[in-house]
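# Residue-level structural notes
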Amino acid sequence: GSPNSQPAGLRSASSGRLAVVILVLLVLASALPGLLYLFRQDPQILAAAGWVRNHTKRGEVIVYRPNHRWDMVDYPYNAVMAHCTDRPTFVWTKNTPEAYRRAALAEAHYAVVTLPGPGPKGFLGWLQRFRGADRRRPSPTDWLGENGFREATQGDGFVVYERD
């Protein structure tokens, strides 16, 4: 028989399964770019974290100033460096509470500042400009010198400051 000779219920069940498969494929295809972006490793953080792990002792407190990404510049509760370094970390931003800043300055021997690079091009660059990322500027680091930190070394996209 011809395909139209199938019972109506069988045809609708078959087309319903096809619709579900197409819907699942469309959802996965639209989610894939976002998932790739979210789970992509940040090379500047990894480089800075590698330096911290190789040159500091466990338990040494690190002040971290993320200046390289617009989505980290103003967020004081970022746990990425603490996770990547396995060290106690204070994140210094313009939104860091004053009590937290005092504690960081009282405890830290090292400060790591990531450096801004060129912004993304193409669609991602347009999207970030649309979201206001180009208006977020890295914070100055003059507070480091004012608190006894001096530049110790530079890495690939970051600077390490040390205090005696």
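In short, a report on the structure. Keep in mind it's a predicted model, so treat the numbers as computed, not measured.

Rules of the game
Residues numbered from 1 in each chain as written. Predicted model: local features only at pLDDT ≥ 70, side-chain atom pairs only at ≥ 80, totals over all residues. Heavy atoms only, no water. Helix = DSSP H or I, 4+ residues; strand = E, 2+ residues; numbered from the N terminus. Buried < 20%, exposed > 50% of the residue type's maximum accessible area, 1.4 Å probe, protein only. Contact = heavy atoms within 4.5 Å. Pairing = 2+ DSSP bridges. Axes fitted to C-alpha atoms, helices over the stretch in contact; angles between N-to-C directions. Core = buried A, V, L, I, M, F, W, Y, C linked by side-chain atoms within 4.5 Å. Phe/Tyr/Trp six-rings, centres within 6.5 Å; stacked < 30°, edge-to-face > 60°. Polar contact = N/O pair within 3.5 Å; in protein donor to acceptor, adjacent residues only side chain to side chain. Right-handed = clockwise from strand over helix to strand, strands pointing away.

The number of helices and strands found in the protein is 6 helices and 5 strands. Scanning the protein from its N terminus toward the C terminus, one meets helices and strands in the order α-α-β-α-β-α-β-α-α-β-β. Taken across its 164 residues, the protein has 34% of its residues classed as buried. Restricting the contact set of the protein to residue pairs at least 6 apart, pairs at least 24 apart contribute 68%.

Another point: the sheet that holds strand 5 (residues 158-162). Taken in spatial order, the 5 strands make up an open sheet running 2-1-3-5-4, and their pairing is mixed. Among the strands making up the open sheet, the edge pair consists of strand 2 (89-91) and strand 4 (150-155). Averaged over all pairs of adjacent strands, the angle between strand axes in this sheet comes to 25°, irrespective of strand direction. In the packing of helix 4 (residues 98-107) onto the sheet, the strands contacted are strand 1 (62-65) and strand 2, and the crossing angle to strand 2 comes to about 135°.

Our focus in this paragraph is the nonpolar core. If you look at the biggest cluster of nonpolar residues, it comprises 15 residues, and the most contacted ones within it are Tyr64, Met81 and Val112. Of all the secondary structure elements, the ones that give two or more residues to this core are helix 2 (43-55), strand 1, helix 3 (80-85), strand 3 (110-114) and strand 5. Ranked by residues supplied to this core, first place goes to helix 2 with 5 residues. The residues touching tyrosine 64, leaving out its near neighbours within four places in the chain, are Ile45, Met72, Met81, Thr89, Phe90, Val91, Trp92, Val112 and Thr114. Core analysis: the next-biggest nonpolar cluster, separate from the first, contains 14 residues, Ala108, Leu144, Phe149 and Val159 among them.

Moving on to the packing of aromatic side chains. Taken as a whole and assessed by the stated rule, the structure comprises 4 aromatic pairs. Between tryptophan 92 and tryptophan 143 the ring centres are 3.9 Å apart and the planes differ by 5°, which places this aromatic pair in the stacked class. Of this pair, tryptophan 92 sits in the loop between strand 2 and helix 4 while tryptophan 143 is found in helix 6 (residues 142-146), placing the two residues 51 residues apart along the sequence. On the accessibility criterion, tryptophan 92 (7% relative accessible area) is buried.

With that out of the way, let us pick up the side chain of threonine 96. Positionally, threonine 96 belongs in the loop between strand 2 and helix 4. A distance of 3.0 Å separates a polar side-chain atom of threonine 96 from the backbone oxygen of valine 91. In terms of polar contacts, threonine 96 uses its side chain to reach the backbone amide nitrogen of threonine 93, at 2.8 Å. Residues contacting threonine 96, with those up to four places away along its chain left out, are Pro76, Val91 and Arg101.

What follows deals with the pairing of strand 1. Where a strand is regular, its side chains alternate between the two sheet faces. On strand 1, burial covers both faces: Ile62 and Tyr64 on one face and Val63 and Arg65 on the other are all buried. With 3 bridges joining them, strand 1 and strand 2 adopt parallel strand pairing. Within strand 2, the position partnered with tyrosine 64 by the bridge is valine 91. Running through helix 3, the crossover from strand 1 to the neighbouring parallel element strand 2 is right-handed.

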